[in-house]
Amino acid sequence: MAYQKGDGKSVVIALGGNALGNTPQEQLKLVEGTAVHIVDMIAEGINVVVSHGNGPQVGMINNAFDYAHDHDGKTPDMPFPECGAMSQGYIGYQLSQAILNELKRRSIMRSTASVITQTVVYPDDPAFADPTKPVGPFLTEEEAQKRAAETGATYKEDAGRGWRMVVASPKPQRIVEFDAIKDLMDDGYVVIAAGGGGVPVIERNDSYEGVPAVIDKDRSSAKLAADFKADMLVILTAVEKVAINFNTPDQKSIDTMTIAEANKYIEEGQFAPGSMLPKVQACIEYLEAYPQGKALITSLECAAAGLKGETGTVITAD
Ligand SMILES: Nc1ncnc2c1ncn2[C@@H]1O[C@H](COP(=O)(O)OP(=O)(O)O)[C@@H](O)[C@H]1O
Ligand SMILES: NC(=O)OP(=O)(O)O
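Position numbers for residues count from 1 along each chain, tracking the sequence in the order it is written. Naming scheme: in the order in which they are written, chains are lettered from A and ligands are numbered from 1. Totals for whole chains, interfaces and linings use all residues, but because this is a predicted model, local features are given only for residues with pLDDT of at least 70 and pairs of side-chain atoms are given and counted only at 80 or more. The side-chain values count all of the structure's non-hydrogen atoms but skip hydrogen atoms and water molecules.

**Here we look at the overall build of the chain**
Move 1: A run of DSSP states H or I qualifies as a helix once it reaches four residues; a run of E qualifies as a strand once it reaches two. Both are numbered from the N-terminal end. From N to C terminus, the chain includes nine helices and 17 strands.
Move 2: Burial analysis of the chain (318 residues in total) assigns 52% to the buried set.
Move 3: Note on contacts: a residue pair is in contact if any heavy atoms of the two residues lie within 4.5 Å. Taking as baseline every contact in the chain between residues at least 6 positions apart, the subset at least 24 positions apart corresponds to 74%.
Move 4: Total accessible area on the chain is roughly 14,700 Å²; 50% of this is exposed by carbon and sulfur atoms.
Move 5: Only four residue types enter the tally: Lys and Arg on the positive side, Asp and Glu on the negative side, with His and both chain ends excluded. Here the site of a charge means atom NZ of a Lys, CZ of an Arg, CG of an Asp or CD of a Glu. Each charge class in the chain was averaged separately, 28 positive and 43 negative side chains, and the resulting centres sit 4 Å apart. The rule is simple: take the accessible area with a 1.4 Å probe, protein chains only, and divide by the maximum for that residue type; under 20% is buried, over 50% is exposed, in between is partly exposed. For the accessible areas, the method is Shrake-Rupley and the probe is 1.4 Å, while residue cover comes only from the protein chains on display.

Right, here's the structure in full:
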């Protein structure tokens, strides 16, 4: 059955960790609320591609397999790219179901399609030598040091919130399933794609091969939005607006900024690495590739209002 596309803007949405939570049980509850906000946008005629993070989830799956493999002698050693694909599968399933249920509840005749996505990265990306992407649960420094000694994995402090395992986070170069995602969107489907940034793959001898890394979902969403020439890239996180002097008495929200202004704030160190900085950088990457577009950073709750220009931080090329 062909579904009718919305008559409004095309928007790539990147869902942050607060839209999904940290455990499957938490996630199941949270995605119902997330779906309400996504369907609010669809109800306005907007065509959405939904991308999402997977840091806690891919870390959880990897830990579970490692533990079982080490303890029961029967569970296979699960490669990290497969863990990434599993995280996309189960998050995609829950999001898809929640969005479908909300669409049905409002009698909106649209359906969903969740695409397990691969993203090409370069094997010589310098990110492979410097793991920065936090995955799995937050630990104390003591727990992190113990696990690092046991497993050889790297652990780092994550933006003042605790210690987490870190893996390489190479730059997304090409979304392998781009044509399929675009066709599904053109056919009127609400598409869930590039979850967790897509499973990172390298091209070798004309074949794809998974690599153990996690791509930043905001950067892959930016790539997807630029390739689509999407009207907007919408990055949804836990704050309504980006701020300067964040978490200080002089904190000031930013309503709009150009690429030049964003770069000036980056030079001043206004955006924390590992949290707000990659989001602003993703917006810049999208706008440099597609200057006619608009990027919006806001909270899930404010998404529909942000799309109407009522709130959030809007970034434009100039
Ligand atoms: N300058 C800033 N303005 C607003 N939020 C900031 C800033 N610097 C850091 N942050 C923090 O960054 C967080 C978003 O990053 P993160 O939690 O890693 O994203 P995600 O929603 O993708 O999981 C915000 O919730 C906020 O706590
Ligand atoms: N892949 C990714 O960016 O995940 P998080 O948003 O959970 O860090």
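This is not the end of the story, as more comes after the structure.
**Describing the site of ligand 1**
Move 1: Throughout, near means a residue has at least one heavy atom within 4 Å of the molecule or strand. Around ligand 1 lies a shell of 18 residues, among which Arg161, Lys217, Thr237, Ala243 and Lys279 are the nearest.
Move 2: Here a polar contact is taken to be a pair of N or O atoms separated by no more than 3.5 Å, where protein atoms must pair a possible hydrogen donor with a possible acceptor and residues adjacent in sequence count only if both atoms sit in side chains. A distance of 2.7 Å separates a nitrogen atom of ligand 1 from a polar backbone atom of Ala243.
Move 3: At 3.1 Å from a nitrogen atom of ligand 1 is found a main-chain nitrogen or oxygen belonging to Gln270.
Move 4: When ligand 1 is considered free in solution it has 580 Å² of accessible area, and contact with the protein chains removes 84% of it.
Move 5: For this classification, Asp, Glu, Lys and Arg are treated as charged, while Ala, Val, Leu, Ile, Met, Phe, Trp, Tyr, Cys and Pro are nonpolar and the rest, including Gly, are polar. Across the shell around ligand 1, the residue classes break down as eight nonpolar, six polar and four charged.

**A closer look at the environment of Ser299**
Move 1: Looking at the element boundaries, Ser299 is found in strand β16 (residues 294-299).
Move 2: Along the sequence, Ser299 and Lys241 sit 58 residues apart, while their C-alpha atoms lie 7.6 Å from each other.
Move 3: Residues contacting Ser299, with those up to four places away along its chain left out, are Leu236, Thr237, Ala238, Val239 and Glu240.

**Notes on the site of ligand 2**
Move 1: Every residue lining ligand 2 is accounted for by Gly53, Asn54, Gly55, Pro56, Lys133, Gly196, Val214, Ile215, Asp216 and Lys217.
Move 2: Within the contact set of ligand 2, an oxygen atom lies 2.9 Å away from a side-chain nitrogen or oxygen of Lys133.
Move 3: Take Ile215: an N or O atom from its main chain is 3.0 Å from a nitrogen atom of ligand 2.
Move 4: Partitioning the shell around ligand 2 into residue classes produces three nonpolar, four polar and three charged.

**Focus on the side chain of Arg164**
Move 1: Take Arg164: it is sitting in strand β7 (residues 163-167).
Move 2: For Arg164, the side chain forms a polar contact with the main-chain oxygen of Gly136, separated by 2.9 Å.
Move 3: Every residue in contact with Arg164, bar those within four places of it in the chain, is listed here: Gly55, Pro56, Pro134, Val135, Gly136, Pro137, Phe138, Thr154, Tyr155, Lys156 and Asp158.

**Here's the deal with the packing of helix α5 (residues 178-186) against helix α6 (residues 217-228)**
Move 1: Axis definition: a line fitted to C-alpha atoms, limited for helices to the stretch in contact. Angles are taken between N-to-C directions and run from 0 to 180 degrees. The interhelical angle for the contact between α5 and α6, taken along N-to-C directions, is 65 degrees, at an axis separation of 11 Å. For the pair α5 and α6, the sense of crossing is right-handed. Counted together, Phe178, Ile181, Lys182 and Met185 of α5 and Leu224, Asp227 and Phe228 of α6 form the full contact between these two elements.
Move 2: Considered class by class, the residues forming the contact of α5 with α6 number five nonpolar, no polar and two charged. Take the far helix as the reference: if the near one is turned anticlockwise from it by less than a right angle, the crossing is left-handed, and if turned clockwise, right-handed.

**Considering the pattern of salt bridges**
Move 1: Basic side-chain nitrogens of Lys or Arg form a salt bridge, by our definition, when they fall within 4 Å of a carboxyl oxygen of Asp or Glu. Applying the stated criterion across every chain yields a total of 17 salt bridges.
Move 2: For Asp186, the salt bridge identified is with Lys5, shortest N-O distance 3.4 Å. In this pair, Asp186 is assigned in helix α5 and Lys5 in the segment before β1 (10-15), connecting sequence segments 181 residues apart.
Move 3: Accessibility expressed as a relative area gives 36% for Lys5, which makes it partly exposed.

**Points about the UniProt feature "domain: Aspartate/glutamate/uridylate kinase" (unreviewed entry) in the chain**
Move 1: Those places that UniProt annotates as "domain: Aspartate/glutamate/uridylate kinase" (unreviewed entry) correspond, in this numbering, to residues 10-289.
Move 2: Split by type, residues 10-289 is 42% helix and 22% strand. Its first and last C-alpha atoms lie 16 Å apart. UniProt positions are given in the numbering used here, feature names are shortened, and annotations may be inferred rather than shown by experiment.

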